[in-house]
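# Structural features, examined
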Amino acid sequence: MKNVLEAKNVSMWFGGLQALNNVSITIKEHEIVGLIGPNGAGKTTLLNCITGFYKPLKGKVFYKGMEVTGLKPHKICKMGLTKTFQIIRAFKSLSVLDNVLIGALLRSSKMDEALSISREAIEKVGLRGKEEMTAGNLTPADQRSLELARALATKPDVLLLDEIAAGLNPVEVSGLVETLREINREGLTLIIVEHVMQAIMPIAKKIVVLHGGRKIAEGPPEEIKRNERVIEAYFGEE
Ligand SMILES: Nc1ncnc2c1ncn2[C@@H]1O[C@H](COP(=O)(O)OP(=O)(O)OP(=O)(O)O)[C@@H](O)[C@H]1O
Ligand SMILES: [Mg+2]
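Residues numbered from 1 in each chain as written. Chains lettered and ligands numbered in written order. Predicted model: local features only at pLDDT ≥ 70, side-chain atom pairs only at ≥ 80, totals over all residues. Heavy atoms only, no water.

## Side note on the sheet that holds strand β10 (residues 214-219)
Rules: We treat two strands as partners when DSSP finds at least two bridges between them. Elements are defined by DSSP. Helices are runs of H or I of four residues or more, strands are runs of E of two residues or more, and each kind is numbered from the N terminus. Angles here are taken between N-to-C directions and fall from 0 to 180 degrees, while the axes themselves are lines fitted to C-alpha atoms, restricted in helices to the stretch in contact. Whether two residues are in contact is decided by their heavy atoms: any pair within 4.5 Å suffices.
Read from one edge of the open sheet, six strands run β6-β7-β8-β3-β9-β10, paired in mixed fashion. A strand with exactly one partner marks an edge of an open sheet, and here the two such strands are β6 (81-83) and β10. The mean angle between the axes of side-by-side strands here comes to 15 degrees, regardless of whether they run parallel or antiparallel. Bridging between strand β7 (residues 158-162) and strand β8 (residues 189-193) involves five bridges; their strand directions are parallel. Its bridge partner lying in β8, Leu159 is registered against Leu190. The sheet contacts of helix α1 (residues 43-50) involve β3 (32-36), β6, β7, β8 and β9 (206-211), and relative to β7 the element is tilted by about 150 degrees. Contacting β6 and β7, helix α5 (residues 140-152) crosses the sheet at an angle of about 155 degrees to β7.

## Considerations on the packing of helix α3 (residues 96-107) against α5
Here is the rule we go by: Note on convention: near helix rotated counterclockwise from far helix by under a right angle means a left-handed crossing. Clockwise means right-handed. Under the scheme applied, nonpolar residues are Ala, Val, Leu, Ile, Met, Phe, Trp, Tyr, Cys and Pro; charged residues are Asp, Glu, Lys and Arg; polar residues are all the others, including Gly.
Running from N to C, α3 and α5 point in directions that differ by 35 degrees, and their axes come no closer than 7 Å. Every pair of crossing elements has a handedness; the one defined by α3 and α5 is right-handed. Of the residues in α5, those in contact with Val96, Asn99, Val100 and Gly103 of α3 are Leu146, Ala149 and Arg150. Grouping the constituent residues of the contact of α3 with α5 by class yields four nonpolar, two polar and one charged.

## Some points on the packing of aromatic side chains
Heads up, the rule is: Two aromatic rings from Phe, Tyr or Trp, using only the six-membered ring of Trp, form a pair when their centres are within 6.5 Å; if the ring planes differ by under 30 degrees the pair is stacked, by over 60 it is edge-to-face, and anything between is tilted. Accessibility here uses a 1.4 Å probe with only protein chains present; expressed as a share of the type maximum, an area under 20% marks a residue as buried, one over 50% as exposed, and anything in between as partly exposed.
Inspection of the entire model under this criterion finds two aromatic pairs. Measuring from ring centre to ring centre gives 5.4 Å for Phe14 and Tyr54, while their planes differ by 75 degrees; the resulting arrangement is edge-to-face. With Phe14 in strand β1 (residues 3-14) and Tyr54 in the loop between α1 and β4 (58-63), the pair connects residues that are 40 residues apart, well separated along the chain. A residue is classified by how much of its surface remains accessible, and Tyr54, at 30% relative accessible area, is partly exposed. Their ring planes at 80 degrees and their centres at 5.4 Å tell us that Phe53 and Phe85 sit as a pair that is edge-to-face.

## Overview of the pattern of salt bridges
We count it as follows: The salt bridge definition used is simple: a Lys or Arg side-chain nitrogen within 4 Å of an Asp or Glu carboxyl oxygen.
Applying the stated rule across the entire model yields 12 salt bridges. For the salt bridge of Asp142 with Lys130, the shortest nitrogen-to-oxygen distance reads 2.7 Å. Taken together, the residues Asp142 in helix α5 and Lys130 in the loop between α4 (111-124) and α5 connect sequence positions 12 residues apart. Residue classification places Asp142 among the buried residues on the basis of a relative accessible area of 13%. Lys206 is the salt-bridge partner of Glu218, the closest N and O atoms lying 3.2 Å from each other.

## Comments concerning the layout of surface pockets
Put simply, the test is: Definitions used for this entry: grid spacing 1 Å over protein atoms alone; cavity, a set of points where a 1.4 Å probe fits but cannot get out; pocket, an open set with protein on both sides within 12 Å along at least 5 of 7 lines; lining residue, one with an atom within 4 Å of a point. Grid points are joined across faces, edges and corners, and a volume is the space filled by probe spheres set on the points. For each domain, the first and last residues come from an automatic or database assignment.
There is about 440 Å³ of room inside the largest pocket. Elements represented by at least two residues in the lining of the largest pocket include exactly α2 (73-78), β6, α3 and α5. It is α3 that contributes the most residues to the lining of the largest pocket, four residues altogether. Across the lining of the largest pocket, the residue classes tally to nine nonpolar, seven polar and four charged. Of the domains in this structure, domain 1 (1-80 + 156-238) and domain 2 (87-155) are the two that each give at least three residues to the lining of the largest pocket. Size it by volume and the second largest pocket reaches roughly 230 Å³. Along the wall of the second largest pocket there are 17 residues; nearest its centre are Leu152, Lys155, Pro156, Glu186 and Leu188. Top contributing element to the lining of the second largest pocket by residue count: α4, with four residues. The residue makeup of the lining of the second largest pocket, split by class, is seven nonpolar, three polar and seven charged. No fewer than three residues from each of domain 1 (1-80 + 156-238) and domain 2 (87-155) sit in the lining of the second largest pocket.

## Points about the site of ligand 1
Filter applied, for reference: The criterion for a residue being near a molecule or strand is simple. One of its heavy atoms has to lie within 4 Å of it. Pairs of N or O atoms within 3.5 Å make up the polar contacts considered here, provided that, within protein, one atom can donate a hydrogen while the other can accept it, and that residues adjacent in sequence are counted only when both atoms are side-chain atoms. Surface accessibility in these figures is a Shrake-Rupley result with a 1.4 Å probe; residues are shielded only by whichever protein chains are displayed.
In the vicinity of ligand 1, 15 residues are found, and the nearest of them are Asn39, Gly40, Lys43, Thr44 and Thr45. A distance of 3.0 Å is found between an oxygen atom of ligand 1 and a backbone nitrogen or oxygen belonging to Gly42. Within the side chain of His195, an N or O atom sits 2.9 Å from an oxygen atom of ligand 1. Notes on ligand 1: free accessible area 630 Å², of which the protein chains cover 64%. Within the residue set of the shell around ligand 1, elements represented by two or more residues are β2 (17-28) and α1. No other element matches α1, which puts three residues into the shell around ligand 1. Residue classes in the shell around ligand 1 are distributed as six nonpolar, seven polar and two charged.

Below you can see the structure in the form of structure tokens.
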């Protein structure tokens, strides 16, 4: 399979703090890759460097063979590479449909087309029937689904998910896993940042582990679970 996304030797600093240290990852088309690591490991920073929200101070990002390092997020999104936000960013006073429509309008400027893209995304994440509800009145689980629908409405080929299972109960997590399986079957490549292991271990073929801004391991889930550097990173410091 072809490589769809590559980050090469990406480094990022915030003032004197190095958040990413020479991180390289390669993602193949239609893959599901998990990105894990303790708090502050650099996961969100890496997603932001890939999707243009930050410009890495060193290193390069390639999407479908084109260099996208430092391009604006909306440009990168239009090319089919987008992310959800760890902190929910829906417009609380707008309806579910209008929130999703904002994403869809990036893809299509025709209103009827954007509406049908939106309805499809809403259906896919299980929010059908809640189109007219105000986003701020949704349950936390439904707000996560809305965040996913907004990203799907931009019609990405590669979707980066930042902790969308946070705060969900086990039943909600398995519902979400099913949705992710389904959208992956339809052709999307997924990179999933998650602390909730049940949300990624069953679906990711490959796990990448960050710790202190460095990539410390990469491999299939069964291997990662037994990896000593990974166990050390999570439990070794207490
Ligand atoms: N905008 C910023 N300004 C300054 N420091 C930042 C900024 N964003 C992240 N950092 C720092 O960079 C490091 C990596 O943060 P990042 O948010 O990428 O970690 P993470 O792996 O996503 O953690 P978490 O699991 O808590 O979400 C941390 O030390 C964090 O405090
Ligand atoms: Mg984060």
